[in-house]
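# Structural overview
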Amino acid sequence: MTQDERGRRPAHPEEPLRVLVVEDDPVAADAHALYVGRVEGFTVSGTVHTAAAARRHLDQHPVDLVLLDLFLPDGHGLQLVRTLRAAGHTADIFAVTSARDLTVVREGVSLGIVQYVLKPFTFSTLRDRLTRYAVFRSAAGEASGQDEVDRAIAALRAPRPATLPKGLTPATLQAVTDALRAAPEGLSAGAAAETVGISRITARRYLEHLVDAGRAVRAPQYGHVGRPELRYRWSDH
């Protein structure tokens, strides 16, 4: 198999795209690798937990895409990207992180990071972005015009919004999310309802959705007469 640059090969429709998972948490790394392996057209090249191990793997194995945690025990992920580019590695990068600093996002884009996937995420979220990346990679030849260029870029940059359960709306979900993230001590369904201006039953539906998506955790709060009250907290893991 020929390589046009270090770690990169010409796209071939019959060969799966090779993915390196770089994640310091072994449990999360195994989960991300499992997700990648479930998406048709992709295969896991390896799983490593440090920037140094990522560099060694890329020096020894051809890789098309890196799923990169930005907070590694031996350095920031963006510094790893700079090092890889300086060494001639051209593998595309998905930043997989809980960081929401838009300054970091802009810097990552300038270094060639093609997607950001915020933790925690579901399999369907990653599958959607990998599928769109595969469409982007499959484009070949000379574009017939601006429309074709726009379509190629849109395939990569404009993932479909995640489908919400029936009766839930993105605007209210964002409002509940903001309220929960602003309350480090957590919120009950009643407190969330009062903060957002919705009914307690509706608030619980949104909070339970966040729990199901891995974005919040719930636990009973004791100390009151009667049944314990469920308290929800935002999860950064």
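Everything below is about the structure printed above this text.
The residue count restarts for each chain, going from 1 along the sequence in the order it is written. Totals for whole chains, interfaces and linings use all residues, but because this is a predicted model, local features are given only for residues with pLDDT of at least 70 and pairs of side-chain atoms are given and counted only at 80 or more. Water and hydrogen atoms play no part in the side-chain values, which are based on all heavy atoms of the structure.

### Brief notes about the packing of aromatic side chains
So the rule is basically this: Under the pairing criterion, centres of Phe, Tyr and Trp rings, with the six-membered ring standing for Trp, must be within 6.5 Å; the plane angle then separates stacked pairs below 30 degrees from edge-to-face pairs above 60, leaving the rest tilted. Under the DSSP-based scheme used, a helix requires at least four consecutive residues in state H or I and a strand at least two consecutive residues in state E, with every element numbered from the N terminus. To sit over a ring, a charge needs its Lys NZ or Arg CZ within 6 Å of the ring centre and within 35 degrees of the ring normal.
Inspection of every chain in the model, using the stated rule, returns 3 aromatic pairs. Geometrically, the ring pair formed by Tyr35 and Phe123 is tilted, given 5.6 Å between the ring centres and 55° between the ring planes. Of this pair, Tyr35 sits in helix α1 (residues 26-37) while Phe123 sits in helix α5 (residues 123-138), and the two are 88 residues apart along the sequence. Through a chain of ring-to-ring contacts, the aromatic side chains of Tyr35, Phe121 and Phe123 assemble into a single cluster. A cation over a ring is seen here: Arg38 above Phe123, with NZ or CZ 3.8 Å from the ring centre.

### Description of the sheet that holds strand β10 (residues 229-234)
Under the convention used in this document: Here the rule is simple: two strands pair whenever DSSP picks up at least two bridges between them. By the convention used here, residues are in contact when the closest approach between their heavy atoms is within 4.5 Å. Structural elements are reduced to axes, namely lines fitted to C-alpha atoms, with helices fitted over the stretch in contact, and the angle between N-to-C directions of any two is expressed from 0 to 180 degrees.
Read across the sheet, 3 strands follow the order β8-β10-β9 without closing on themselves; strand pairing throughout is antiparallel. Two strands close off the open sheet at either side, each with one partner strand: β8 (187-188) and β9 (216-221). Bridge count between β9 and β10: 6 bridges; the pairing is antiparallel. Bridging across to β10, Gln221 finds its partner in Glu229. Each of β8, β9 and β10 is contacted by helix α9 (residues 200-212), which is oriented at about 55° to β10, the strand it contacts most.

### Concerning α1
Side chains three or four residues apart in an α-helix point the same way, a direct result of the helix having 3.6 residues per turn. Our working definition: For a helix, the expected span equals 1.5 Å multiplied by the number of residues minus one. Relative accessibility under 20% of the residue-type maximum defines a buried residue, over 50% an exposed one, and the middle range a partly exposed one, all with a 1.4 Å probe and only protein chains included. Within this analysis, the arc is defined by the directions that extend from the helix axis to the C-beta atoms. Here a polar contact is taken to be a pair of N or O atoms separated by no more than 3.5 Å, where protein atoms must pair a possible hydrogen donor with a possible acceptor and residues adjacent in sequence count only if both atoms sit in side chains.
Relative to the 16 Å expected for 12 residues at 1.5 Å per residue, α1 spans 16 Å between its end C-alpha atoms, a close match to the ideal helical length. All buried positions along α1 are accounted for by Ala28, Ala29, His32, Ala33, Tyr35 and Val36. Seen along its axis, α1 keeps its buried residues to an arc of 155°; they face one direction. Set apart from the buried face of α1 by more than 90 degrees, the exposed residues are Val27, Asp30 and Leu34. Buried residues along α1 sit in contact with β1 (17-22), β2 (42-48), β3 (65-68), β6 (92-97) and α5. The backbone nitrogen of Val27 lies 3.0 Å from a side-chain oxygen of the residue at the head of α1, namely Asp25.

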